[in-house]
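Below are the chains, spelled out letter by letter.
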Amino acid sequence: MRNCSIQVRGLLTREELDRYNALLDVGHYLESQNRYDLSYIVQKEIDILILPAIERLKEKSRQRDRDTEEYLRRKEQGLLDEDDE
């Protein structure tokens, strides 16, 4: 079973995290029983479950980029204003 990243896990809701942990436990059990055919299906469910958290992580990154762009724009305007004096 593949774990998702810590960043993604941190953005799961409590309900999603509980479901993620339960599915991971089931998948590990199935692997210990050499039922890789079924653990594959569980892994697919986990992959679907974490998609909203991945989107939240992407949005945080896009917001950080927008904030950085805004900061640099303001900084540049401030430097231009000082040069004009």
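Everything numeric here is computed off the predicted structure, so don't read it as measured data. (Residues numbered from 1 in each chain as written. Predicted model: local features only at pLDDT ≥ 70, side-chain atom pairs only at ≥ 80, totals over all residues. Heavy atoms only, no water.)

Draft legend 1. Region of the structure containing helix α2 (residues 14-32). Taking 1.5 Å of rise per residue, 19 residues should cover 27 Å, and α2 covers 27 Å from first to last C-alpha, within 8% of that figure. For α2, the complete set of buried residues consists of E16, L17, Y20, L23, L24, G27 and L30. Viewed end-on, α2 has its buried residues packed into an arc of 150°, placing them on one side of the element. Of the exposed residues in α2, the ones pointing more than 90 degrees away from its buried face are R14, E15, D25 and Y29. Positioned one or two residues after α2, N34 has a phi angle of 60°, which is positive. (Helix = DSSP H or I, 4+ residues; strand = E, 2+ residues; numbered from the N terminus. Expected span 1.5 Å × (residues − 1). Buried < 20%, exposed > 50% of the residue type's maximum accessible area, 1.4 Å probe, protein only. Arc of directions from axis to C-beta.)

Draft legend 2. Local environment of the pattern of salt bridges. Following the criterion strictly, the structure yields nine salt bridges and no others. The residue D47 makes a salt bridge to R2 at a minimum N-O spacing of 3.0 Å. Remark: R2 occurs in the segment before α1 (6-10) and D47 occurs in helix α3 (residues 36-49); sequence separation between them is 45 residues. By relative accessible area, which is 23% here, D47 ends up partly exposed. The salt bridge partner of R56 is E16, with a shortest N-O separation of 2.7 Å. Residue R56 is found in helix α4 (residues 51-84), and its partner E16 is found in helix α2; the two are separated by 40 residues along the sequence. Exposure remark for R56: the relative accessible area of 32% places this residue in the partly exposed category. What makes E16 buried here is its relative accessible area of 14%. One salt-bridge network, held together by shared partners, links E59, R62 and R66. (Salt bridge = Lys/Arg side-chain N within 4 Å of Asp/Glu carboxyl O.)

Just distances and angles here, no functional claims.
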